[in-house]
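As a plain string of letters, each chain reads:
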Amino acid sequence: MFEQALALIGEYDRIIIHRHSYPDGDALGSQLGLAALVRDNFPQKEVYVVGDDTSRLSFMNAVMDEIPDEYYENALAVIVDCGASRLINDERYKRAAKTLRIDHHLYCEEIADVDIVDSSYESASGMVAMFAKESGLKLSPASATALFTGMVTDSGRFVFDSVSARTFELAAFLMSQPIDTGSLYYNLYAEDFADMIAKADNMHKIKFTPNNVAYIYTAQEDLENGEAAHSVSRKMVGLMRDIKGVYVWANFTESDDGVLTELRSNRCNINPVAVKYGGGGHKKASGCVVKDRAEAMRLLADLDAVVAEYKAE
């Protein structure tokens, strides 16, 4: 599956790696892991990573490169962990001589000259790990740690139903390198006490639709000073995951760009709802941005209809 990827990386002397905006662990893990993999195996090549920064995952040392437009001339741009072109951070990838995508989201559009998309993988990091394994590439602790981080985060610590025997085989492959899992898990999951209190407060904000879709809606004025809307959006959606009798849940957070919307499910395919409102993702984990509260409530009604149909089957 990865023969074309290896050929393209071998062909170009300058490689620039992109991923989606507001990166999560998998976006950064696959980006940084691939960058380290290329540097380790092709030391003569120039490798750059671009995109917005995130303080939430600062322990990953994800320092983005600032590069001029002309660097894209005769370069290969690689996009990882991104299912829609509008979500790619830094549109300059279009200037590259050739583009390659490695992604695990549900396919919704052609993005690159070479699109390698397989939604059966739990993470884009898992795909990059398989690329390394199948291609016989040398694996370093740096690349292995970044990729393992991405696999852990997008699999929900290996509990989501996207996890397969292959997931654990690739995790074992990465752990052939000395990964400090104790430090890694602490950095990922240790929380400030104030954040724990905030989560407890948000538990009281959970509401339910007639068919038991759980949701939290946070207005922009209710965000704490300096609190990033995208960070709140991702943190709070997980609060509803284990409520008995809830098959679908959503988190809405107002921002300057619209209402950030995170959709999750343990039974139903909620991806079509996300796509309807301009988003995408996976069957049971998707997202989008809607323009205002009224549109968010229309989306919520669509989710309620999905659950109603599921219960009627």
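Higher on the page you've got the structure.
Reading the values: rules and limits
Residues numbered from 1 in each chain as written. Predicted model: local features only at pLDDT ≥ 70, side-chain atom pairs only at ≥ 80, totals over all residues. Heavy atoms only, no water. Salt bridge = Lys/Arg side-chain N within 4 Å of Asp/Glu carboxyl O. Helix = DSSP H or I, 4+ residues; strand = E, 2+ residues; numbered from the N terminus. Buried < 20%, exposed > 50% of the residue type's maximum accessible area, 1.4 Å probe, protein only. Pairing = 2+ DSSP bridges. Axes fitted to C-alpha atoms, helices over the stretch in contact; angles between N-to-C directions. Contact = heavy atoms within 4.5 Å.

Undergrad: When you look at the pattern of salt bridges in this model, what are you seeing that I'm missing?
TA: When charged atoms on two side chains of opposite charge get close, those side chains can pair. Considering all chains together, one arrives at 12 salt bridges under this definition. Ionic pairing is found between Arg 95 and Asp 69, a salt bridge with its closest N-O pair at 3.6 Å. Of this pair, Arg 95 sits in the loop between β3 (76–80) and β4 (98–103) while Asp 69 is found in the loop between β2 (46–49) and β3, placing the two residues 26 residues apart along the sequence. When its relative accessible area of 52% is taken as the criterion, Arg 95 is described as exposed. For Asp 69, a relative accessible area of 34% gives the class partly exposed. Ionic pairing is found between Arg 92 and Asp 90, a salt bridge with its closest N-O pair at 2.9 Å.

Undergrad: What is the right way to look at the sheet that holds strand β5 (residues 114–117) in this model?
TA: As a general point, the strands of a sheet are linked pairwise by backbone hydrogen bonds and lie either parallel or antiparallel. Across the sheet, 5 strands lie side by side as β2-β1-β3-β4-β5; this open sheet has parallel pairing. Either end of the sheet is taken by a strand with one partner, and the two such strands are β2 and β5. Each neighbouring strand pair of the sheet contributes to a mean axis angle of 15°, computed without reference to strand direction. Where strand β1 (residues 14–18) meets β3, 4 bridges bridge the pair, whose relative direction is parallel. Bridge assignment links His 18 to a residue of β3, and that residue is Ile 79. Here helix α2 (residues 25–41) sits on the sheet in contact with β1, β2 and β3, set at roughly 170° to β2.

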